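Fold and contact review
Here is how the chains run, residue by residue.
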Amino acid sequence: MSGVRGPGGLPEQSRGARGVRGARGAGLALHDVTVRHHGPYGPVTAVDGVSLEIARGRTVGLVGESGSGKSTLARAIVGLDRPCAGRIAIDGREYPVRRAADRRRWGRRVQLVFQDPDTALDPRMTVRQSLAEAAGAFARLDRRAREQRVGELLELVGLDAGCAGRLPGQLSGGQRQRVAVARALAVDPAVLVADEVTSALDVSVRAALLGMLRELQRRMGFAMLFISHDLAAVRQVSDAVAVMYLGRIVETASNEALPGGARHPYTRTLLSAVPSLHTGRRPGGEALPLSGEAPDPASPPAGCRFHPRCPVGPSRRPGREVCAVQDPWDETARVACHFPYPAGDGPEHA
Amino acid sequence: MGVTALAMLASLAVLAVVGPVLWGPAADRPDPSAVLQGPTGGHPLGTDHLGRDLLARLLASTWSSLLPAVTATLLGAAAGVTLGALTAVVGGRTRRLLGAFINLLLAFPALLVAMFFAVLFGAGARGAVFALAVACAPGFARLTQTLAAGVAGTDFMAAARVLGLRRHRLLRRHVLPHVAEPLLLNTTVAVGSALVALSGLSFLGLGAQPPSYDWGLLLSQGLDRVYTEPLPAVAPGIAIVYAGVAFQLLGEVLAKAATRQHPPARQTGEPAASPAPTGRRPAGADLLLEVADLRVALPAGDRTIRPVRGVSLALRRGEMVGLVGESGSGKSLTALALADLLPDGARATWSAHRFLGADVGSLTRRERHRQLATGMAMIFQNPASAFNPALRIETQLTEAVRAHHGIPREQAVEQARVQLQRVALPGERRLLRSRPFQLSGGQRQRVAIAAASMMRPDLVIADEPTTALDVTVQRQIMDLLRRVRRDDATAILFISHDIALVADACDRVLVMYGGTIVESLPARALADGARHPYTRMLVASVRGLTADRESSPPGLGGAPPDPGGTAPGCPFLDRCPQRLDRCAAEIPVLSALDPHHEVACWRPLPPTASSGRPETEECDT
Ligand code: SF4
Ligand code: SF4
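1. A closer look at the sheet that holds strand β7 (residues 376-379) of chain B
All names here are of chain B.
- The strand order β7-β8-β9-β3-β10-β11-β13-β12 describes an open sheet built from eight strands, whose pairing is mixed. Here the strands that pair on one side only, and so sit at the sheet edges, are β7 and β12 (591-594). The mean inter-strand angle of the sheet, taken between neighbouring strand axes irrespective of direction, is 20°.
- Looking at chain direction, strand β10 (residues 508-513) and strand β11 (residues 516-522) are connected through six bridges and run antiparallel.

Right under this line is the structure:
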């Protein structure tokens, strides 16, 4: 299977070039996943009918603003939040809903790396204890085997064996994040969810961590969902990019197609907001200012959810009233918009 | 304090053990010939109505006074902790029920509960202990509940749950170790209160019953004749207070010790003198802020670190200057030092520091305070921390102008409304009445900017104002800052780790590394013209959106310099591909390459463009 539903733009050869482990259909598959929270004023649909497939050995980047539901989706995939509808399957096997023992075993297939390395590790446990706990979570290991596994894991993430005895407080942010990655990979999961793993890190360590994640993926063959608001980082590790807005995926595109090939106005807005060193030359094309605040997910706007803020929507372009009435979103479309930009980089809207 | 607490506790412990043995017989020996005597040589505290020696009774009852207090606290703690910990383990509905139950118990004053149950259990020492245990349990339950909930919400607990660890292991390995410490402290302090409460019960006749006795009973008996003989009442009172204070002190000592658990730090001597870069900037008349050789020293554990090591900078009116650096480079402390907001214990020194034309060193405290209040405003990364969560936006916005400019309320509110309009926040009226937590992060940051511009300051220091925000909101905030600067000719010192953002927004960029400014250059020269190896590395790490995925940016080996280190050379030495022998021996000083470009490096890179920006640009289309 290709990285994302709707294979357009993913060249065959690049798929073959990477060592993909496992059979067809292996990896993560989300179908129509919906997650609701109890908000102060009634239920809030944080994730609304998200479908996504990530094959083993592939990475899909998920971008979106805070409140778009990307972290909720991550928590649902690893079983910390329970979806109220839809299916989540890994390697063809579905997420067990009821029994606690099954839910525990789910952790063997999918693991999560958190945003903030300062809080992701128990501050009172040494690196060795944390890693040993993870390694022993699903396998009975004696003392020797555990010690050996801890050594392997540290080597895997490029850390010195001397780090094993340290407490998280004695490591740098980048080192802590490496330990967190090692802990997640200790169970050899089929799917790794990385939630904003680089946003708390300095630029000089960021690149190294991204490089390491890609190298580990190549070696271990897990499918990865890479969640970030940093589009540059997403582009650096992902095979395909999915853009989320108010609980829904509004566009999916192959990495190669971006940034010029972005078709949804929201994607364009995101891209154009990325600051560039070369003043005045924004790689995402013309500057598209976003007006207004992100709407409350508890009561999303009617029609296209983006229409109150859309730079080419009904409030700016007469004749596009349909946007405010009719929802352009549907399960199978790659772009949820009535008036998408053309697939090439033609400035139809200008 | 530790010694005092220990000495007091030790004296109590000794008394408790030896008291009954040494003075027990004397305390129970009635002497009909000496009833109700005042203090005499034979009876320093006098005697009671049966002629028993009061001092002996006081000393002998140490054990019988302390033991019930400790027992009651331990019983209460056990019950409360169990109840509180239960809330972390059970499912949602049961948890809410338990929480409501704890709330209900907490609604009654503890002493009232204790009295009620003391009556219920029947007067007597045992009844009083149980009553007190019941009374202090809800407090423990609430504390445990709160602490456990704090741990349960952390990422590492989530990670442990994803790993499929079982409940009892979660509780044992991750929850209990984190809550044990505060609980222990609380227990110690609670013993003190229990002692006082127990004495109170005895005093009311609900505790120890004659012929057994404790301090509270002695106090109540002494009180009957307090107007004729104060000492028999005062002495037990002192004993109660003494023991109470001893336990309180122990609690505080433990709490102090708990917060002092730093990772072991290396001991370093005082820094060797390094050549101070001299302020070579042209002294223009329009200089708003000028600081030379700013240094900040900060105690950390048992050593002193020096995160800022000789920063010199100057800002003109209406100029927007970026200060870029990674965490630990000293950029935020530089800003805090300029605003007199350094944390406790930190010390700033400088060779020159002028703000608004005045020498900062020669100002009185009040003058400086006023100068900062009217001339400078700060915007922080987390706007929530800059607001008082309890006050309405209106109050927070108008407070300063009313205090410093003496503007009447209505006028100040009007001004606030105009400022809010300017930051493009609609519905100012409603907004003014809301409280900070009712706003989104982006809104709060805009209100912070509005608040900062209320005073029309000459300088705004913005410390990572957009780091916590989404890119699209970041864009709006940056536009806003630019507008403030244009409209009011406000100078802005913009601090960020994001070099692309800084290059986009500022006129001039200062790059910080290891507590020093390593390069100062015009923002437009950043992309191609950086000469310091570190700046080049930063520039290269900006991937841009068009970067090729297969080419990794050059990472940096090694670690940033230790802020406590005293090595004499270049701070970038360990990670520099360019280094010379000289770099290890001598710190490079900031020197001008051309009038607008300064670099602190013994071997600056050649000014060619290509090597500094590999593959960041290959414009699509
Ligand atoms: S459907 Fe209309 S409002 Fe929605 S994104 Fe497309 S153009 Fe904008
Ligand atoms: S002074 Fe030497 S070590 Fe420091 S940056 Fe320049 S070349 Fe590198």
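From this point on, the discussion continues.
2. Section: the site of ligand 2
- In the region of ligand 2, 13 residues are neighbours, and C570, C576, C583, C601 and W602 of chain B sit closest.
- Grouping the constituent residues of the shell around ligand 2 by class yields nine nonpolar, two polar and two charged.

3. Describing the domain arrangement of chain A
Residues and elements named next belong to chain A.
- Domain assignment breaks chain A into domain 1 (22-109 + 189-258), domain 2 (120-187) and domain 3 (264-350).
- Put simply, the middle of domain 1 and the middle of domain 2, counted by C-alpha atoms, are 23 Å apart.
- Between domain 1 and domain 2, the residue contacts involve 16 residues of the former and 11 residues of the latter.
- Summing the contributions of domain 1 and of domain 2, the shared interface buries around 1200 Å²; its carbon and sulfur component is 75%.
- Counting the surface domain 1 buries against domain 2, the share from its top three residues, R108, P189 and M212, is 34%.
- Across the contact surface, domain 1 and domain 2 share zero salt bridges.

4. Concerning the packing of aromatic side chains
Residue and element names in this part refer to chain B.
- Enumeration according to the criterion identifies nine aromatic pairs over all chains in this entry.
- Plain terms: the ring middles of Y513 and F572 are 5.1 Å apart, the flat faces sit at 90° to each other, and that makes the pair edge-to-face. Of the two residues, Y513 is situated in strand β10 and F572 in the loop between α21 (533-541) and α22 (581-585); the sequence distance between them amounts to 59 residues.
- Taking relative accessible area as the criterion, Y513 reaches 3% and is therefore assigned buried.

5. Section: the site of ligand 1
- Near ligand 1 you find 14 residues, and of these C304, C310, C323, C337 and H338 of chain A are the closest.
- For the shell around ligand 1, the class distribution of residues is 10 nonpolar, four polar and no charged.

6. Considerations on a positive patch on the surface
- A cluster of basic residues, R82 and R103 of chain A together with R161 and R167 of chain B, forms a positive patch at the surface.
- R82 of chain A sits in the partly exposed class, given a relative accessible area of 39%.

7. A look at the environment of R263 of chain A
Residues and elements named next belong to chain A.
- Among the structural elements, R263 can be located in the loop between β10 (248-254) and α10 (265-273).
- You can call R263 partly exposed: its relative accessible area is 24%.
- With residues near it in sequence (within four places) discarded, R263 still touches E251, V335, P340, Y341, P342 and A343.
- Reaching out from R263, the side chain makes a polar contact with the backbone oxygen of Y341 at a distance of 2.8 Å.

8. Let's talk about the domain arrangement of chain B
Residues and elements named next belong to chain B.
- Here the domain parsing of chain B yields domain 1 (2-258), domain 2 (287-505) and domain 3 (508-543 + 554-611).
- The C-alpha-based centres of domain 2 and domain 3 are spaced at 27 Å.
- Tallying the contact residues gives 28 residues for domain 2 and 20 residues for domain 3.
- Note on domain 2 versus domain 3: buried area summed over both sides is about 2000 Å², and carbon and sulfur give 57% of it.

9. Thoughts on the pairing of strand β9 (residues 240-245) of chain A
Residues and elements named next belong to chain A.
- Along β9, six of the six residues are buried, which leaves the element largely enclosed by surrounding structure.
- What you see with β9 is no split at all: A240, A242 and M244 on one side and V241, V243 and Y245 on the other are buried throughout.
- When β9 meets β10, the two strands line up antiparallel, connected through six bridges. Within the sheet, the bridge partner assigned to A242 lies in β10 and is T252.
- Hairpin connection of β9 to β10: two residues between the antiparallel strands, including L246 at a positive phi of 45°.

10. Some remarks on helix α18 (residues 471-488) of chain B
Residues and elements named next belong to chain B.
- An ideal rise of 1.5 Å per residue puts 26 Å on 18 residues; α18 measures up with 26 Å between its terminal C-alpha atoms.
- For α18, the buried fraction is high: 13 of the 18 residues fall into the buried class.
- At the C-terminal side of α18, A489 shows a positive phi close to 55°.

11. Points about helix α1 (residues 2-28) of chain B
Residues and elements named next belong to chain B.
- Its 27 residues place the ends of α1 36 Å apart at the C-alpha level, agreeing with the 39 Å of an ideal helix rising 1.5 Å per residue.
- At G19, α1 shows its maximal kink, close to 50°; a proline, P20, follows between one and four residues later.
- Restricting attention to buried positions, one finds in α1 the residues A5, M8, L9, L12, A16, G19, G24 and A27.

12. A short note on the confidence of the model for chain A
All names here are of chain A.
- The predicted model of chain A averages 79 in pLDDT, with 83% of residues at 70 or higher.
- Of all secondary-structure elements in chain A, the lowest mean pLDDT belongs to helix α1 (residues 12-17), at 35, while strand β8 (residues 223-227) reaches the highest, 94.
- Below pLDDT 50 for its whole length, residues 279-285 participates in 21 contacts with residues either more than four positions away or in separate chains.
- This stretch, residues 346-350, has a pLDDT under 50; its non-local contacts, to residues over four places away or in other chains, come to eight contacts.

Conventions used here
The numbers attached to residues start from 1 for each chain and follow its sequence in the written order. Whichever chain is written first becomes A and whichever ligand is written first becomes 1, with later ones labelled in order. For this predicted model, a pLDDT threshold of at least 70 governs which residues receive local features, and a threshold of 80 or more governs which side-chain atom pairs are given and counted, while totals over whole chains, interfaces and linings are taken from all residues. Remark: hydrogens and water are excluded; side-chain values derive from all non-hydrogen atoms of the structure. At least two bridges found by DSSP between two strands is the condition for calling them paired. A run of H or I in DSSP becomes a helix once it reaches four residues, and a run of E becomes a strand once it reaches two; helices and strands are each numbered from the N terminus. Every axis in this analysis is a line fitted to C-alpha atoms, fitted for helices over the stretch in contact. Angles between the N-to-C directions lie between 0 and 180 degrees. For this purpose, a residue is taken to be near a molecule or strand whenever a single non-hydrogen atom of the residue falls within 4 Å of it. Residues are sorted three ways: Asp, Glu, Lys and Arg are charged, Ala, Val, Leu, Ile, Met, Phe, Trp, Tyr, Cys and Pro are nonpolar, and all the rest, Gly among them, are polar. All the domain ranges listed were derived from an automatic or database domain assignment. Two residues form a contact once any of their heavy atoms are found within 4.5 Å. Two parts placed together each lose some accessible area; with a 1.4 Å probe, that loss summed over both constitutes the buried area. Each reported salt bridge corresponds to a side-chain nitrogen of Lys or Arg within 4 Å of a carboxyl oxygen of Asp or Glu. For this analysis, a ring pair means two rings from Phe, Tyr or Trp (six-membered ring only for Trp) whose centres lie within 6.5 Å, classed as stacked if their planes differ by under 30 degrees, edge-to-face if by over 60, and tilted for the remaining angles. Note on exposure labels: buried denotes an accessible area under 20% of the residue type's maximum, exposed denotes more than 50%, and partly exposed covers the range between, all computed with a 1.4 Å probe on protein chains only. A patch consists of residues exposed above 30% relative accessible area that lack any salt bridge, with like charges linked at up to 9 Å and nonpolar side chains (Val, Leu, Ile, Met, Phe, Trp, Tyr) linked at up to 5 Å. Shrake-Rupley sampling with a 1.4 Å probe provides the accessible areas, and residues are treated as covered by the protein chains on show and by no other component. This count recognises Lys and Arg as positive and Asp and Glu as negative, with His and chain-terminal groups excluded. A charge is said to be at NZ when it belongs to Lys, at CZ for Arg, at CG for Asp and at CD for Glu. For the purposes of these results, a polar contact is taken to be a pair of N or O atoms within 3.5 Å, where, inside protein, one atom must be able to donate a hydrogen and its partner to accept one; residues adjacent in sequence count only when each atom of the pair is a side-chain atom. The length a helix should cover is 1.5 Å for every residue beyond the first. Bend at a given residue is defined as the angle between two axes, one fitted to the seven residues that end at that position and one fitted to the seven that begin there. By definition, pLDDT measures how confident the predictor is in each residue, and it falls between 0 and 100.

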